[in-house]
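# Residue-level structural notes
Below, each chain spelled out in residue letters.
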Amino acid sequence: EHALKKSMPFFGKKVMVTAGPTYEAIDPVRFIGNHSSGKMGFALADELAKLGAEVTLIAGPTSEKSTEALTRIDVISAQDMFNACNANFEQSDVTIMCAAVADYRPKMIAEQKIKKQESDFNLALEKTVDILASMGKIKKPEQILVGFALETNDEENYAKGKLERKNLDLVVLNSLNDKGAGFKSDTNKITIFSRALERTVFDVKSKNEVAKDICNAILKLIK
Ligand code: CTP
Ligand code: CA
């Protein structure tokens, strides 16, 4: 059995994956969130585990369940996710940030439920930490860092911009323009850009098949 494991492509590799949305609390009963299901990140984590990787999955609020043996850390907010990533990043050979992290959070979390008033209500927001960009800043040359870019327009330029700005090895462009792609869907349409800005376009596929394509792109960098 050991010999079998050793022949697996990700054998001996520690891989960290983030998945799902984050929830940013407004008061004890309300939050700001998004429609991310976590499916893509869970499919990736499962596929990597199947390929022999030692996987740490950092998951925002989701009803997804992983089918493979892996370490799962559940988090709620962007700050929680940052803390978990920061604690695990140094020992990770490969890090894939698939989570749909909230870009803004309420400046203040009300201790009690906010009551309805006669007047309109304004919520002051502040930026969350960009987890991926932070990891890009501290990454060592031998570590592989993969980000996602969710775009609706001018997709290629935005995706390449993220690759460079966040110091990534690969960026996976997820187009919301295409039918059969997106948050709740079981399928996805991706394009992968490498650091050399090589572009690989893939067809609409199930998220499990997309996970295989992403793993193959990473394996090319490892070899
Ligand atoms: N990301 C992150 N921390 C954040 C925001 C984003 O780690 N606070 C990561 C996501 O997991 C993804 C990548 O950054 O891998 C790109 O996320 P995306 O929302 O597409 O890009 P942003 O840089 O947030 O820019 P914008 O939303 O304005 O397009
Ligand atoms: Ca964002």
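Presented here is an overview of the structure given in this document. (Residues numbered from 1 in each chain as written. Chains lettered and ligands numbered in written order. Predicted model: local features only at pLDDT ≥ 70, side-chain atom pairs only at ≥ 80, totals over all residues.)

Turning our attention to the overall build of the chain. Within the chain, the secondary structure is distributed over six helices and 14 strands. In terms of overall dimensions, the chain is globule-like: its C-alpha atoms have a radius of gyration of 18 Å, near the 17 Å expected for 223 residues. Seen through its principal axes, the chain has C-alpha atoms that stretch 65 × 40 × 35 Å. Here the chain holds 223 residues, and 37% of them are scored as buried. (Helix = DSSP H or I, 4+ residues; strand = E, 2+ residues; numbered from the N terminus. Rg over C-alpha atoms; globule rule 2.2 N^0.38 Å. Buried ≥ 20, exposed ≤ 12 C-beta atoms within 10 Å, placed from the backbone.)

Near ligand 1 there are 14 residues, and of these M97, V101, I131, L132 and G147 occur at the shortest range. Contributions of two or more residues to the shell around ligand 1 are made by α4 (131-138) and β9 (144-151). For the shell around ligand 1, the element with the highest residue contribution is β9, accounting for four residues. Taken together, the residues of the shell around ligand 1 sort by class into nine nonpolar, two polar and three charged. (Near = placed C-beta within 6 Å. Nonpolar A, V, L, I, M, F, W, Y, C, P; charged D, E, K, R; others polar.)

This part is about the environment of V94. Mapping V94 onto the fold places it in strand β6 (residues 94-97). The spatial distance from the C-alpha of V94 to the C-alpha of M81 is 17 Å, given a sequence separation of 13 residues. If we skip the residues at most four places from it in the chain, V94 touches K13, V15, I144 and I218. (Contact = placed C-beta atoms within 7 Å.)

Turning to the sheet that holds strand β4 (residues 54-59), a few remarks are in order. The strand order β5-β4-β1-β6-β9-β10-β12-β13 describes an open sheet built from eight strands, whose pairing is mixed. Each having just a single partner strand, β5 (71-74) and β13 (199-201) make up the two edges of the open sheet. The mean angle between the axes of side-by-side strands here comes to 15 degrees, regardless of whether they run parallel or antiparallel. Pairing between strand β1 (residues 14-19) and β4: six bridges, direction parallel. Across the sheet, V17 pairs through a bridge with L57, a residue of β4. Helix α2 (residues 39-50) rests against β1, β4 and β6 of the sheet, and its axis sits at about 165 degrees to β1. On top of the sheet, helix α5 (residues 155-165) reaches β9, β10 (170-175) and β12 (190-194); it is set at about 150 degrees to β9, its chief contact. (Pairing = 2+ DSSP bridges. Axes fitted to C-alpha atoms, helices over the stretch in contact; angles between N-to-C directions.)

Looking at chain direction, β10 and β12 are connected through five bridges and run antiparallel. Across the sheet, the residue bridging to V172 is I192, located in β12. As paired elements, β12 and β13 share three bridges and run antiparallel to each other. Among the inter-strand pairings, F193 is bridged to a residue of β13, identified as R199.

What is shown is where atoms sit, not what they do.
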